[in-house]
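Chain by chain, the residues run as shown.
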Amino acid sequence: MKDQFVIAYLADLTMADTVMSHALFLSQMLNKGLILLYVEDKRHGNIAVDEATSRILALEKQYASIKPAHVVMKGNTQEVINALPTMLNGVVAVAGINAKAKHGTPTHYKEVLHLFSECKIAYLTVQKPMDTTHDYDRVAFGVDFRKESKDKLIWASYFARFNRSQLAIMHFDYKDDGLRQKWHNNVLFMNKFFKGLAINYSDETVHGKALFPETVICNAAADRQYGLLISVTTDTRDLDIIEWFAGVQEHRTIRNDNQLPILFLNPRNDIYVLCD
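Heads up: these notes are all about the structure in this document. (Residues numbered from 1 in each chain as written. Predicted model: local features only at pLDDT ≥ 70, side-chain atom pairs only at ≥ 80, totals over all residues. Heavy atoms only, no water.)

1. Description of helix α1 (residues 16-30)
Taking 1.5 Å of rise per residue, 15 residues should cover 21 Å, and α1 covers 21 Å from first to last C-alpha, within 8% of that figure. Within α1, 13 of the 15 residues are buried, which leaves the element mostly enclosed by the surrounding structure. Just past α1, the residue Asn 31 takes up positive phi, approximately 60°. (Helix = DSSP H or I, 4+ residues; strand = E, 2+ residues; numbered from the N terminus. Expected span 1.5 Å × (residues − 1). Buried < 20%, exposed > 50% of the residue type's maximum accessible area, 1.4 Å probe, protein only.)

The following block contains the structure:
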């Protein structure tokens, strides 16, 4: 048995191939076990446990060589997701996003963000299967003036160390001296962190209006052929007036038209990380 697990959250079994392709890659990259998770939740009106079990057992046979485990249960999906690190020793989850899903269904972008809003592990949102094992060769993440930028460094280092991914930090050219100094302090912290792990990265300036900076960075990462964006969700305690009415920026990045996978981290001090 592995010490920690990648969780393939199979909310909609029609997206199983999409979720499994990414979850399998992460499991192999991180050398962690793989658990297939399905929750029969009356809120979602999805298929019953018996039928789901039969279909997931068939799915397991397709991946028999890696010996995945499965958990099929009834319950409140958000409570199950909140318990992933303690109940299943989860370290990262993979969730499918369907741009055409109806509101309130488990693959609708707002529902996924709601279900994972208190999650203590990273979660990867995906819209299409991996076409190649090279999809994560180039990984991008934004570094701005906020302290939350530092939260991305640990997971960025995992891709660099375990997948030899090329890392790129993307940032705006701040004109305000105060914001520029805060950004510079984050870069100094990042340099020290990466130097200790012998990790190199490229530095890329992003141009555009920064009303929703992560959206601009997401579009730039896709345009420049990066295969993954690491992002931190908005702290609900710090919502401004625009976010209250227009929505938070992860509402835009998660369902980006380029179908770029987004690895989300919630801004909290007790995020679970790898045992390596």
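2. Looking at the packing of aromatic side chains
Applying the stated rule across the entire model yields 13 aromatic pairs. Among the aromatic residues, those joined into a cluster by ring pairs are Phe 25, Tyr 136, Trp 155, Tyr 158, Phe 159 and Phe 162. The residue whose ring lies beneath Arg 138 is Tyr 226, and the NZ or CZ to ring-centre distance is 3.9 Å. The ring of Phe 189 carries the charged tip of Lys 150 above its face, separated from the ring centre by 4.7 Å. (Phe/Tyr/Trp six-rings, centres within 6.5 Å; stacked < 30°, edge-to-face > 60°. Lys NZ or Arg CZ within 6 Å of the ring centre and 35° of its normal.)

3. Some remarks on helix α8 (residues 213-223)
With nine of 11 residues buried, α8 lies mostly within the body of the structure. Listed in full, the buried residues belonging to α8 are Pro 213, Glu 214, Thr 215, Val 216, Ile 217, Cys 218, Ala 220, Ala 221 and Ala 222. Phi for Gln 225, located one or two positions after α8, is positive at around 65°.

4. Points about the sheet that holds strand β2 (residues 33-40)
With mixed pairing, 10 strands are arranged side by side in an open sheet as β3-β2-β1-β4-β5-β10-β9-β6-β7-β8. If you trace the sheet from one side to the other, it starts and ends with β3 (69-74) and β8 (201-205), each paired once. With direction set aside, neighbouring strand axes in the sheet form an average angle of 25°. Judged from the five bridges that link them, strand β6 (residues 138-142) and strand β7 (residues 166-171) form a sheet pairing that is parallel. The partner of Gly 142 across the bridge, within β7, is Met 170. (Pairing = 2+ DSSP bridges. Axes fitted to C-alpha atoms, helices over the stretch in contact; angles between N-to-C directions.)

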